[in-house]
Amino acid sequence: MSGVIYVVATPIGNLKDLTPRMKEAFESADFIAAEDTRVTVKLLNHLGIKKPMISYYEHNLKDKGEYIISRVLAGESCAVCSDAGTPCISDPGEILVKQAHSHGIRVIPITGPSAVITALSVSGQNTGRFCFEGFLSTTKKQRMEHLEQVKKETRTMIFYEAPHKLLNTLKDFKNTFGGERSLTIARELTKLHEEIKLTTVQDALDYYTENAPKGEFVLIVAGGVFESEEKELTLDQLAEKCIKLMETENIPLKEASKKVCAKTSFSKSEVYKAVQSLRG
Ligand code: SAM
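Residues numbered from 1 in each chain as written. Predicted model: local features only at pLDDT ≥ 70, side-chain atom pairs only at ≥ 80, totals over all residues. Heavy atoms only, no water.

**Q** Summarise the site of the ligand; cite the residues concerned and give the values.
**A** Ile89, Ser114, Ala115, Tyr160 and Phe217 are the nearest of the 19 residues found near the ligand. Here a nitrogen atom of the ligand sits 2.8 Å away from a polar atom, N or O, in the side chain of aspartate 91. Within the side chain of serine 114, an N or O atom sits 2.7 Å from an oxygen atom of the ligand. Here the ligand has 570 Å² of accessible area as a free molecule, and 90% of this is covered by the chains. For the shell around the ligand, the elements supplying multiple residues, two or more each, are strand S7 (156-161) and strand S10 (217-221). Here the shell around the ligand is built from residues that sort into ten nonpolar, four polar and five charged. (Near = heavy atom within 4 Å. Polar contact = N/O pair within 3.5 Å; in protein donor to acceptor, adjacent residues only side chain to side chain. Areas by Shrake-Rupley, 256 points an atom, 1.4 Å probe, with all protein chains shown as cover. Helix = DSSP H or I, 4+ residues; strand = E, 2+ residues; numbered from the N terminus. Nonpolar A, V, L, I, M, F, W, Y, C, P; charged D, E, K, R; others polar.)

**Q** Can you lay out the sheet that holds S7 for me, pointing to particular residues and giving the numbers?
**A** Spatially, five strands are ordered S6-S7-S10-S8-S9 in an open sheet, and the strand pairing comes out mixed. In this open sheet, the two strands that pair with only one neighbour each are strand S6 (130-135) and strand S9 (195-200). Each neighbouring strand pair of the sheet contributes to a mean axis angle of 20°, computed without reference to strand direction. Strand direction decides the pairing type here: strand S8 (residues 182-187) and S9, joined by six bridges, are antiparallel. Each residue of the ladder has a partner; that of alanine 186, found in S9, is isoleucine 196. Helix H8 (residues 201-210) contacts S8, S9 and S10 of the sheet and is inclined by roughly 120° relative to S9. (Pairing = 2+ DSSP bridges. Axes fitted to C-alpha atoms, helices over the stretch in contact; angles between N-to-C directions. Contact = heavy atoms within 4.5 Å.)

**Q** Give a description of the side chain of glutamate 161 that names residues and reports values.
**A** Looking at where glutamate 161 falls in the secondary structure, it is placed in strand S7. Within polar-contact distance, the side chain of glutamate 161 engages the side chain of lysine 165 at 3.4 Å. Not counting residues within four places of it along the chain, the set of residues in contact with glutamate 161 comprises Phe135, Leu166, Thr169, Phe217 and Leu219.

**Q** Residues and numbers for helix H2 (residues 37-47), please.
**A** Among the residues making up H2, those that are buried are Thr40, Leu43, Leu44 and Leu47. Seen along its axis, H2 keeps its buried residues to an arc of 100°; they face one direction. Counted as exposed and oriented over 90 degrees from the buried face of H2: Arg38, Lys42 and Asn45. Each element contacted by the buried residues of H2 is listed here: helix H1 (20-28), strand S2 (31-34), strand S3 (53-55) and strand S4 (78-81). Of the residues trailing H2, glycine 48 is marked for its positive phi of about 75°. (Buried < 20%, exposed > 50% of the residue type's maximum accessible area, 1.4 Å probe, protein only. Arc of directions from axis to C-beta.)

**Q** Describe the environment of valine 218, with residues and values.
**A** Its location among the elements puts valine 218 in strand S10. Considered as a pair, valine 218 and lysine 191 are 27 residues apart in the sequence and their alpha carbons are 14 Å apart.

**Q** Describe in detail a negative patch on the surface, supporting the description with residues and values.
**A** A cluster of like negative charges, contributed by Glu180, Asp203, Asp206 and Glu210, occupies part of the molecular surface. With respect to the helices, strands and loops of the structure, aspartate 206 is situated in helix H8. (Patch = residues over 30% accessible without salt bridge, like charges linked within 9 Å, V, L, I, M, F, W, Y side chains within 5 Å. Salt bridge = Lys/Arg side-chain N within 4 Å of Asp/Glu carboxyl O. Lys, Arg positive; Asp, Glu negative; His and termini not counted. Charge placed at Lys NZ, Arg CZ, Asp CG, Glu CD.)

**Q** Break down the packing of helix H10 (residues 235-249) against helix H12 (residues 268-278) for me, citing the residues and quoting the values.
**A** For the pair H10 and H12, the least separation of the axes is 9 Å and the interaxial angle reads 80°. What the angle tells us is that H10 and H12 run roughly perpendicular. The residues of H12 that touch H10, namely those facing Leu235, Asp236, Leu238, Ala239, Glu240, Cys242 and Ile243, are Glu270, Val271, Ala274, Val275 and Leu278. By residue class, the composition of the contact of H10 with H12 is nine nonpolar, no polar and three charged. (Parallel < 35°, antiparallel > 145°, perpendicular 65-115°, else oblique.)

**Q** Got a sec to walk through the environment of tyrosine 6? Specific residues and values, please.
**A** When you line up the elements, tyrosine 6 lands in strand S1 (residues 4-8). By relative accessible area, tyrosine 6 is classed as buried at 15%. Taking the C-alpha atoms as reference points, tyrosine 6 and isoleucine 110, separated by 104 residues in sequence, lie 6.6 Å from one another. If near-sequence neighbours (up to four positions away) are discounted, tyrosine 6 is found in contact with Ala25, Ser28, Ala29, Ser77, Cys78, Ala79, Val80, Ile108 and Ile110.

**Q** I'd love a proper account of the pairing of S6, names of residues and values included.
**A** Judged from the five bridges that link them, S6 and S7 form a sheet pairing that is parallel. Along S7, the bridge assignment pairs cysteine 131 with methionine 157. The β-α-β motif built from S6, the intervening helix H6 (residues 140-150) and the parallel element S7 has right-handed crossover chirality. (Right-handed = clockwise from strand over helix to strand, strands pointing away.)

**Q** If you had to explain the sheet that holds strand S5 (residues 106-110) to someone new, which residues and values would you point to?
**A** Strand pairing in a sheet takes place through backbone hydrogen bonds and is either antiparallel or parallel in direction. Strand order in the open sheet made by the five strands is S3-S2-S4-S1-S5, with parallel pairing throughout. The two strands at the open ends of the sheet, each matched to only one other strand, are S3 and S5. Shown here is a sheet whose adjacent strand axes are inclined to one another by a mean of 25°, direction ignored. In the packing of helix H3 (residues 61-73) onto the sheet, contacts are made with S1, S2, S3 and S4, and the angle to S3 comes to roughly 150°.

Structure (structure tokens):
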């Protein structure tokens, strides 16, 4: 009979987040597949556990995956973990879990922290619907394509980011979402210097231009609010709306056309002229 694969989450910065189930899974496993064995050995020492370990990381996923699966099919159980947080979430594990399913191997989740959910839960942003965007690519073209895809996103978006890339990412956010877009910066979660800042893209950009970013970051960007109805109005419809606004609010054409064209693809002078021509 084949063994099982435990997908073991580990603390993202605070050892007090270790749970009895995490300990139990490491103890039950015959071997541990760790992203970096030097990191995981410290955790195991803290738990007083000694286990054979193999490294399972970005550059050996396929071969090591097959090796792990063959051992599990032969009856051993494996605990897979990353340096911190939940495996498979911007970390190794996804391919192994797919391989396990394709061989009918049981996969057991050992739940624990993940920076994405931890950050979202304290972000102050809408949590009802959200999408996890992981890291933006370091390749300019892929990065731009990724941002273009989320430009019109209405759900809360969550990004991971490294400190040395934070400023560039904030600049790209400004170009994509605008400086006024609400943004929460969650830094060093569960650690000594934990910081959760509800701010805007522009204010964050100003702040980190002055203060060098340090530590680990999660960026939670508010979804966009797009008035699609307004966008679909024709110029004539906007002109009629403008005339109505002038009457109800008793404001001049110049002011009304400015209000009406906001969030449409028409300029205020186009609306202004359309009103004039409607009035003959
Ligand atoms: N698998 C992990 C998880 O479940 O959160 C994520 C691993 S990913 C390689 C590392 C990224 O997660 C960091 O660059 C940062 O964006 C985020 N992260 C991890 N720990 C964090 C923490 N304590 N505070 C803020 N962000 C964190």
